[in-house]
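Each chain, written out:
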Amino acid sequence: MVFRLFAPQRSHLVGKKVPPVSDPLLLVSAKQLAGKIRRKEVTSVEVVQAYIDRIQEVNPLLNAVVKDRFDAALQEAAMVDKLIEEETGGEEVLEDRLPLLGVPLSVKQSYALQGMPHTGGLFSRKDVVATVDAPPVAWLKRAGAIPMGVTNCSELCMWNESHNHLQGITNNPYDLSRTAGGSSGGEGSLLGGAGAVIGVGSDIGGSIRMPSFFNGIFGHKPTPGVVNSEHQYPPPSGRHEEYISIGPLCRYAEDLLPMLKIMAGPNARMLNLDTKVDLKKVRFFTIPHDGGSYLVHPVSKELIDIQKKVVERLEEDLGVKVEEVHFPELRYSIQIWLTYMGLPDNNGKAPEPFVNLMGEPGRPVKPIWELLKWMCGRSNHTFAAISFALMEMKNSKVSPFIIEQKEKLQKAMEELLGSDGVFLYPTHTRVAPITHHPLFRPFDLAYTGVINILGLPATQCPLGLNEEGLPLGVQVVAGKLQDHLTLEVALYLEKAFGGWREP
């Protein structure tokens, strides 16, 4: 029924993609753009205007940006150019104090950006405007970045497509009929379509890594607790703080580390981001699949094959041995994610019920009634959100077996990785699916979700395009607080496989 309701409306989009990039300023990393602006090789106004033009060109196709601040961005860019003209301390002083000076930035709308909508994709919050900046956004602005606007997300950030009844659905720049992923799909889509160069997202089950994978860009899920998660909607509850991460999405790998260092603020000292990494001394492992779960579809052959090519390149280029390993506990990944997402915090307080969040600021919704309204086209909620609420009604007991599987997997992973190991793992089971098709495969987020529960840092890396022109990729995972290892591997993979490819 879902397919019949939605698919015919989008058949005209099959195979269509965004126009090619015409302005060379759009093909430069944030780090290099900042250098050009500081050296007066280009003005911030010129860079910001280039991105305004690109957003106006692609956003009617993508529906990624839900609210822009172009006039304010141009004014801020003019102030940047004036500051540079008046600076007497030289380029090095500006680089140290304002490393992203004059560079455009996009922000997921679940994060507070002062003066911008702060809805979390919930229809009842359509008039909510942020009065402050979320800490990571504030740190980026202090570093000189210029926000261009806020981007779309899934309803309450709990689905792997960016779809809600407030702003609609976001499309994939490589094929407009396909999903951009979620919940940071607006970010992924805009970046993949060259409408942004750096962005801010969040990840509690793959919400940075899946959109980054589907849209052919880099996305880093930091070790939880490093980047401040205040002023996001919905706010974490239960034990969610242990799993959620706020991190950067970038088209160019060299922007990941400086972005993370800025977004982490004083917590950056928790990581070894200034440590030089010799990849020849890193221990590499590869896990080709989860071992087979009856709830999760098998990884496609093209993704298995591209991961094998990564292994071959690592061994050939670095002279390392990449060991293939398997963990039987991984076949319970989705059960582990679902179980731990529902656990109470240390004070015994359970996560905020999803029906309560859906009903804010009023009473909790009634999922069955909401489903009936949806079938009549009268609901303000998406089918995905209603389904999540229905699943929550089941209120199943915590399985000791699943708890045991997670604890065994946690111990095994920590022993495997130590402080110098990384492993390759599929980011998803297949390339970007047709829009709404994830409704039929809701548990395929298992490949990213289990990494959240384990509390490990992970970087999604693009690996070129398949025969249909859709992005391929892999996630690189390291031990807790060893984010610098996955970021270094991302730099290598960009050189080896070409990184982001223009749609």
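Everything that follows concerns the structure shown earlier in this document.
Heads up: these notes are all about the structure in this document. (Residues numbered from 1 in each chain as written. Predicted model: local features only at pLDDT ≥ 70, side-chain atom pairs only at ≥ 80, totals over all residues. Heavy atoms only, no water.)

## Things to note about the side chain of Ser177
Right, so step 1: On the secondary structure map, Ser177 appears in strand β7 (residues 175-179).
Right, so step 2: Since its relative accessible area comes to 3%, Ser177 is described here as buried.
Right, so step 3: A polar contact is formed between the side chain of Ser177 and the side chain of Asp175, at a distance of 2.7 Å.
Right, so step 4: Apart from residues lying up to four places away in sequence, Ser177 is in contact with Arg10, Leu13, Val14, Gly15, Ile434 and Thr435. (Helix = DSSP H or I, 4+ residues; strand = E, 2+ residues; numbered from the N terminus. Buried < 20%, exposed > 50% of the residue type's maximum accessible area, 1.4 Å probe, protein only. Polar contact = N/O pair within 3.5 Å; in protein donor to acceptor, adjacent residues only side chain to side chain. Contact = heavy atoms within 4.5 Å.)

## Side note on the pattern of salt bridges
Right, so step 1: Enumeration according to the criterion identifies 21 salt bridges in this entry.
Right, so step 2: A salt bridge links Arg178 to Glu468; the nearest nitrogen and oxygen atoms lie 3.4 Å apart. Of this pair, Arg178 sits in strand β7 while Glu468 sits in the loop between β14 (458-465) and β15 (471-478), and the two are 290 residues apart along the sequence.
Right, so step 3: Take Glu468: its relative accessible area is 56%, and that puts it in the exposed class.
Right, so step 4: Close ionic contact of Asp317 with Arg313 constitutes a salt bridge, the shortest N to O distance being 3.0 Å. With Asp317 and Arg313 both in helix α10 (residues 301-318), this residue pair falls 4 residues apart, about one helical turn.
Right, so step 5: Exposure remark for Asp317: the relative accessible area of 33% places this residue in the partly exposed category.
Right, so step 6: Counted as one network, the salt bridges with shared partners bring together Lys36, Arg38, Arg39, Glu41, Glu91 and Glu95. (Salt bridge = Lys/Arg side-chain N within 4 Å of Asp/Glu carboxyl O.)

## Brief notes about the sheet that holds strand β2 (residues 104-108)
Right, so step 1: Strand order across the open sheet formed by 11 strands is β1-β3-β2-β8-β10-β9-β14-β15-β13-β11-β12, with mixed pairing between neighbours. Each end of this open sheet is capped by a strand with a single partner; those strands are β1 (65-68) and β12 (322-324). On average, adjacent strands in this sheet sit at an angle of 25° to one another, irrespective of strand direction.
Right, so step 2: The pairing of strand β13 (residues 421-425) with β15 spans 4 bridges and is antiparallel. Bridge assignment links Val422 to a residue of β15, and that residue is Ala478.
Right, so step 3: Running at roughly 145° to strand β10 (residues 245-250), helix α9 (residues 256-264) makes contact with β8 (198-203), β9 (218-221), β10 and β14 of the sheet. (Pairing = 2+ DSSP bridges. Axes fitted to C-alpha atoms, helices over the stretch in contact; angles between N-to-C directions.)

## Some remarks on the packing of helix α11 (residues 333-341) against helix α16 (residues 446-454)
Right, so step 1: At a minimum axis separation of 8 Å, α11 and α16 run at an interaxial angle of 50°. As judged from the angle between their axes, α11 and α16 are oblique. The interaxial crossing formed by α11 with α16 has left-handed handedness. Only Ala446, Gly449, Val450 and Ile453 of α16 make contact with α11, whose side of the interface consists of Ser333, Ile334, Ile336, Trp337 and Tyr340. (Parallel < 35°, antiparallel > 145°, perpendicular 65-115°, else oblique. Left-handed = near helix turned anticlockwise from the far one by under 90°.)

## Things to note about the packing of aromatic side chains
Right, so step 1: The full count for this structure, using the stated rule, is 7 aromatic pairs.
Right, so step 2: Pairing Tyr332 with Phe401 gives two aromatic rings, centres 5.1 Å apart and planes at 90°, and the pair type is edge-to-face. Taken together, the residues Tyr332 in the loop between β12 and α11 and Phe401 in helix α15 (residues 400-417) connect sequence positions 69 residues apart.
Right, so step 3: By the ring-pair criterion, three or more aromatic residues cluster together here, those being Phe423, Tyr425 and Tyr447.
Right, so step 4: Over the ring of Tyr233 we find Arg125, and its NZ or CZ is 3.6 Å from the ring centre.
Right, so step 5: Here Arg142 stacks its cationic end above the ring of Trp139, 5.0 Å away from the centre of that ring. (Phe/Tyr/Trp six-rings, centres within 6.5 Å; stacked < 30°, edge-to-face > 60°. Lys NZ or Arg CZ within 6 Å of the ring centre and 35° of its normal.)

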